[in-house]
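What follows is each chain in one-letter form.
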Amino acid sequence: MTSAPPGSRAIGASVPRLEGRAKVTGTAPYAYDQPVEAPLYLAAVTATIARGRITAVDTAEAERLDGVVAVLTHENAPRLASDENAELWVLQSADVAFRGQLIGAVVASGPEIAAQAAGLVRVEYDARPHDVEPGPGRDDLYAPGTLTTGLETDTAAGDVDAAMAAAAVALDLTYTTPIQYHVPMEPQTTVARWDRDGDGDRLTLYDSTQGVIRMRQVMAAVLGLPPGRVEVVSPHVGGGFGSKLRPKAHHVLVALAARTVEGRPVKFAPTRRQTFAGSGYRPSTVQRIRLGADAGGRLTAVAHDAVGGTSKLVEFAEQTALATRTMYAAPNRRTTHRLAALDVSVPTVMRAPGEAPGMFALESAMDELAVACGLDPIELRVRNEPGRDPETGLPYSTRNLVACLREGARRFGWTDRDPTPGARLDGGWLVGTGVAAATYPAYPIIGPSSAVIRATAAGRYRVEIAAADIGTGSRTALTQIAADALDVPLDAVDLRLGESTLPTAAPAAGSMGLGGWGSAVIAAARAFRDKYGAAPAEGAEAGAKGEGVPGAGKVALHAFGAQFAEVRVHADTGEIRVPRLLGVFAIGRVVNPRTARSQLVGGMVMGLSGALHEHAVMDPGPGQVVTRDLADYHIAAHADVHDVDAVWIDEADPHYNELGAKGAGEIGVVGVPAAIANAAFHATGVRVRDLPLTPDAFLR
């Protein structure tokens, strides 16, 4: 476990979540729970075709229902100011771009009345042919200009084809991953109120969002309001995993409804099916991995070609092959990304975007290479450990992957493993073990974060920053950072976050939150003490902006880890169980071991869920995902999760931020599906290259 820095009292302590009691007693106010006076309720009307135009809308029957206040369609909705983001161009035209698109809204005195009225709205369409499946063999795949993170779409070094032809061992393999959904416990709820005063229009949003500042900026631009006239409040968020990072169509729909009933708050909680239809998802992938190696297993060539789907409405290019650029040393390398533009809703980032599906393919292929070379899978990875980042040539700020592999092997009992596939049968269950490496970039912070510190009562301090706590424990960790930066006890600090009126902060995204926010809090504490000393008067206040990433452009910044899995496959039914998961990580300094472990274990369970269950099925006929609720789209349940443990290597990375901390939210997911698939192969001798791993695959 990582120890606290010298002189610290709070950082490194295993502090329970400060809001824990409020959450378990039901008193923590989430977006939909915010106390508003005389609310109205919104129900959405959604498109029932996959592509075409609305030719007629009949709202008369809905409007006659007692309690209905307003019915909005493209024919009467207020006009928006910006169509820069086509996904947010809501109720502005008769065009239908995908099945489930928001095409209307009913506002009523109660949620049941609103839902009933929405079902009474009659819509006629001119349906047109649609295209919803990426499919193999398409001739219209294209290369996006950049990936979602702004990085290059393709990279190349050396001559992969020549190296593959000359390789002593050469593999050419294809892996697939399906559409996956975030399904946070709290859906994407919003309460909106539109008011008018002497300065003009004003919008207040109580929203379940990963970034109140981004929400304010985007919504202001779409609605034609000054940013200062949009206020976003989000003190508690019941999970996001990327689905609540960016404003979506429902935000605009609720704002338009609130504008129509000016002065009355409008509450919207989408149905679970509506969240599946319009809140984003991880797109499916088809990935070709080519590995060439010498007789000793040292890589001479690595190629990773990824194909995914995107929406014709707004492009989304997931960086599926990104991790392959840095994982292993090879003189000849290539990565490419291609997209199929489809008549579907817009994908979005999902926990460990790119790395999660991409590392399933790469780390499964590395296991196959180990088998082909007759090498232990850990030894193969160690032999291909790069001294510098293969892509940039920069030294790593820290890279403790080998330490993670070695420590994991020790804890997991790897040395006792018989490498022969299908050799161990226990009471009708074939038993196997597998390993996979993991990595996640330590991205430069998305925009600057600032904090303000104010002395309140004697010996007490309020820390303000517009950060988000999406269930990760950032409220607690930031309080720990502030307490040490001010050199006061933990209970002397009151932290305020989740409001757009507070000092600006980057969103909770890309495992960057705590590092950027924490740096801002440290800078504000330093400015406060420099100005007022150790005995400030009540009301004394100072603020500061956090510094950037010290090592940006000088070192390669990544987190690393190793995942170990034990898998049992029933010899007669193919049923799969995972009795043991172990993750060992190198994530810099850990601010709060309790919340960090929670994040890592949660990520590992999410990886297990993706490995065994999660599979959204597209029906090309209606152009609709048919697994669109939690009855049909299966996620891991208690019975699936047994012995899951997460530990970390003692390290700090001052090249990333002053804390020396990297994120823990996403690295836990990466590597788990591959570790499970590799263990399943070891158990059965059957190699499955498609997620999820289902019993039928092991009964062939």
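For every chain, the first residue of the written sequence is number 1, and numbering continues from 1 along that sequence. Only residues with pLDDT of at least 70 are given local features in this predicted model, and only at 80 or more are side-chain atom pairs given and counted; all residues enter the totals for whole chains, interfaces and linings. The basis for the side-chain values is all heavy atoms of the structure; hydrogens and waters are excluded.

### Quick notes on the overall build of the protein
Then comes step 1: By definition, any uninterrupted DSSP run of H or I lasting at least four residues is a helix, any uninterrupted run of E lasting at least two residues is a strand, and each is numbered from the N terminus. The number of helices and strands found in the protein is 15 helices and 26 strands.
Then comes step 2: Throughout, the radius of gyration refers to the C-alpha atoms, and the reference size of a globule is 2.2 Å times the residue count to the power 0.38. Here the C-alpha radius of gyration of the protein, 26 Å, is about what a compact globule of 700 residues would show, namely 27 Å.
Then comes step 3: Principal-axis analysis of the C-alpha atoms gives the protein an extent of 75 × 70 × 50 Å.
Then comes step 4: Here the protein holds 700 residues, and 60% of them are scored as buried.
Then comes step 5: Only heavy atoms matter for contacts: two residues are in contact if any of them lie within 4.5 Å across the pair. The long-range fraction of contacts in the protein, counting pairs at least 24 apart against all pairs at least 6 apart in sequence, stands at 81%.
Then comes step 6: For the protein, the exposed area adds up to about 25,700 Å²; of that, 51% sits on carbon and sulfur atoms.
Then comes step 7: Working convention for charge: Lys and Arg count positive, Asp and Glu count negative, and His plus the chain ends are omitted. Note on charges: their place is set at NZ of Lys, CZ of Arg, CG of Asp or CD of Glu. On the protein, the mean spot of the 66 positive side-chain charges and the mean spot of the 78 negative ones are 3 Å from each other. Here's how the labels work: a residue is buried when its accessible area is under 20% of the maximum for its type, exposed when over 50%, partly exposed in between, all with a 1.4 Å probe on protein chains only. Computed with a 1.4 Å probe, the accessible areas rest on the Shrake-Rupley method; for each residue, only the protein chains presented here act as cover.

### Let's talk about the side chain of Lys244
Then comes step 1: Tracing the sequence through the fold places Lys244 in the loop between β11 (230-233) and α6 (249-260).
Then comes step 2: For Lys244, a relative accessible area of 3% translates into the label buried.
Then comes step 3: In terms of polar contacts, Lys244 uses its side chain to reach the backbone carbonyl oxygen of Gly239, at 2.8 Å.
Then comes step 4: In this view, Lys244 contacts Pro184, Glu186, Pro187, Gln188, Ser208, Thr209, Gln210, Val237, Gly238 and Gly239; residues no more than four positions away in its chain are not counted. The term polar contact refers here to a pair of N or O atoms within 3.5 Å; inside protein, the definition further demands a hydrogen-donor-capable atom paired with an acceptor-capable atom, and it admits residues adjacent in sequence only when both atoms are side-chain atoms.

### Some remarks on the packing of helix α14 (residues 593-612) against helix α15 (residues 672-684)
Then comes step 1: Here an angle of 0 to 180 degrees is reported between the N-to-C directions of two axes, which are lines fitted to C-alpha atoms, with helices fitted over the stretch in contact. One way to put it is that α14 packs onto α15 with a least axis distance of 8 Å and a crossing angle of 55°. The orientation of α14 with respect to α15, classified from their angle, is oblique. As α14 runs across α15, the sense of the crossing is right-handed. Between α14 and α15, the residues in contact are Met604, Gly607, Leu608, Ala611 and Leu612 and Val672, Pro673 and Ile676, respectively. Throughout this description, any angle smaller than 35 degrees is read as roughly parallel, any larger than 145 degrees as roughly antiparallel, any in the 65 to 115 degree range as roughly perpendicular, and the remainder as oblique. Two helices cross in a left-handed way if the nearer one is turned anticlockwise from the farther one by less than a right angle. They cross in a right-handed way if the turn is clockwise.

### Here we look at empty space enclosed by the protein
Then comes step 1: Any residue with an atom within 4 Å of a point lines the site, the site being either a cavity, points on a 1 Å grid over the protein atoms alone where a 1.4 Å probe fits but cannot get out, or a pocket, an open set with protein on both sides within 12 Å along at least 5 of 7 lines. Grid points are joined across faces, edges and corners, and a volume is the space filled by probe spheres set on the points. For the structure on display, the rule yields five cavities of 30 Å³ or more.
Then comes step 2: Computed from the structure, the largest cavity encloses a volume of approximately 130 Å³.
Then comes step 3: Along the walls of the largest cavity sit 13 residues, with Gln180, Arg282, Ala356, Gly610 and Val669 positioned nearest its centre.
Then comes step 4: The leading source of residues in the lining of the largest cavity is α14, at three residues.

### Concerning unusual backbone geometry
Then comes step 1: Residue Pro692 is bonded to the preceding Leu691 through a cis peptide linkage, with omega at -5°.
Then comes step 2: Here Pro692 is to be found in the segment after α15.
Then comes step 3: Unlike most non-glycine residues, Phe241 shows phi in positive territory, near 60°.
Then comes step 4: Relative to the helices and strands, Phe241 is located in the loop between β11 and α6.
Then comes step 5: Phi at Ser511 is positive, roughly 55°, even though this residue is not glycine.
Then comes step 6: In this fold, Ser511 is placed in the loop between β20 (493-496) and α13 (513-532).
Then comes step 7: On the basis of relative accessibility, which here comes to 18%, the residue Ser511 falls in the buried class.

### Describing the layout of surface pockets
Then comes step 1: In this structure, the second largest pocket occupies an estimated 910 Å³ of space.
Then comes step 2: Every residue lining the second largest pocket is counted, 46 residues in all, and those nearest its centre are Ile179, Val617, Met618, Gln624 and Val625.
Then comes step 3: Going through the elements one at a time, β1 (40-46), β8 (169-177), α7 (272-278), β13 (285-293), β14 (299-311) and β25 (624-625) are the ones with two or more residues in the lining of the second largest pocket.
Then comes step 4: Throughout this entry, Asp, Glu, Lys and Arg are counted as charged residues, while Ala, Val, Leu, Ile, Met, Phe, Trp, Tyr, Cys and Pro are counted as nonpolar. The remaining residues, Gly among them, count as polar. Here the lining of the second largest pocket is built from residues that sort into 23 nonpolar, 17 polar and six charged.

### Examining the pairing of strand β9 (residues 190-197)
Then comes step 1: The sheet contact formed by β9 and strand β10 (residues 200-207) spans eight bridges and is antiparallel. The partner of Asp197 across the bridge, within β10, is Gly200.
Then comes step 2: Paired strands, in this sense, are two strands between which DSSP finds at least two bridges. Hairpin connection, β9 to β10: the antiparallel pair is bridged by two residues.
Then comes step 3: Looking at chain direction, β9 and strand β12 (residues 266-268) are connected through three bridges and run antiparallel.

### Concerning the sheet that holds β9
What links the strands of a sheet is backbone hydrogen bonding, and the strands pair in either a parallel or an antiparallel sense.
Then comes step 1: Pairing in this open sheet of seven strands is mixed, and the strands run β3-β5-β1-β12-β9-β10-β11 from one edge to the other. The open sheet has two free edges, formed respectively by β3 (68-72) and β11, since each of these has just one partner strand. Geometrically, the sheet is characterised by an average inter-axis angle of 25° between neighbouring strands, direction not taken into account.
Then comes step 2: Two strands pair when backbone bridges link them, and β1 and β12 are joined in this way by two bridges, in the parallel orientation. Bridging across to β12, Tyr41 finds its partner in Lys267.

### Considering the nonpolar core
Then comes step 1: Here, nonpolar core means buried Ala, Val, Leu, Ile, Met, Phe, Trp, Tyr and Cys residues that are tied together by side-chain atoms lying within 4.5 Å of each other. Membership of the largest hydrophobic core comes to 97 residues, with the highest contact counts inside it found for Leu369, Phe564, Leu581 and Ile676.
Then comes step 2: When residues of this core are assigned to their parent elements, the largest contribution, 10 residues, is made by helix α9 (residues 355-373).
Then comes step 3: In this structure, Leu581 is in contact with Phe564, Ala565, Met604, Leu608, Asp643, Val644, Asp645, Val672 and Ile676, ignoring residues within four places of it in sequence.

### Thoughts on the sheet that holds strand β4 (residues 95-96)
Then comes step 1: Spatially, three strands are ordered β4-β2-β6 in an open sheet, and the strand pairing comes out antiparallel. Each of the sheet's edge strands pairs with one partner strand only, and the pair in question is β4 and β6 (122-127).
Then comes step 2: When strand β2 (residues 52-58) meets β4, the two strands line up antiparallel, connected through two bridges. Residue pairing across strands places Arg53 opposite Asp95, the latter belonging to β4.

### Looking at the pairing of strand β19 (residues 461-464)
Then comes step 1: When strand β18 (residues 450-455) meets β19, the two strands line up antiparallel, connected through four bridges. Considered in β19, the bridge of Ala455 is made with Tyr461.
Then comes step 2: Hairpin connection from β18 to β19: five residues lie between these consecutive antiparallel strands, with Gly459 at a positive phi of about 75°.
Then comes step 3: Looking down the strands as they point away from the viewer, one classifies a crossover as right-handed if the path from the first strand across the helix to the second runs clockwise. The parallel pair β19 and β20 is bridged by helix α12 (residues 474-486), and the resulting crossover is right-handed.

### Considerations on α14
Then comes step 1: Helices are assigned an expected span. That span is 1.5 Å times one less than the residue count. Compared with an ideal rise of 1.5 Å per residue, which puts 20 residues at 28 Å, α14 spans 28 Å between its outermost C-alpha atoms and is within 8% of the ideal.
Then comes step 2: Of all 20 residues making up α14, 15 are buried, and the element is well covered by its neighbours.
Then comes step 3: Between a side-chain oxygen at the N-terminus of α14 and the backbone nitrogen of Arg594 the separation is 2.9 Å; the capping residue is Asn592.

### Concerning α9
For an α-helix, 3.6 residues make a turn, and residues three or four places apart therefore share a direction.
Then comes step 1: Compared with an ideal rise of 1.5 Å per residue, which puts 19 residues at 27 Å, α9 spans 26 Å between its outermost C-alpha atoms and is within 8% of the ideal.
Then comes step 2: Most of α9 is tucked away, with 17 of its 19 residues classed as buried.
Then comes step 3: Positive backbone phi, at 70°, marks Gly374, one or two positions downstream of α9.

### A word on the side chain of Ser449
Then comes step 1: Looking at where Ser449 falls in the secondary structure, it is placed in the loop between β17 (429-441) and β18.
Then comes step 2: Ser449 gets classed as buried once you look at its relative accessible area, which sits at 3%.
Then comes step 3: Polar contacts involving the side chain of Ser449 include one to the main-chain amide nitrogen of Ala506, which spans 3.0 Å.
Then comes step 4: With near-sequence residues (within four places) excluded, Ser449 lies in contact with Thr504, Ala505, Ala506, Gly516, Trp517, Ala520, Ala544, Lys545 and Gly546.

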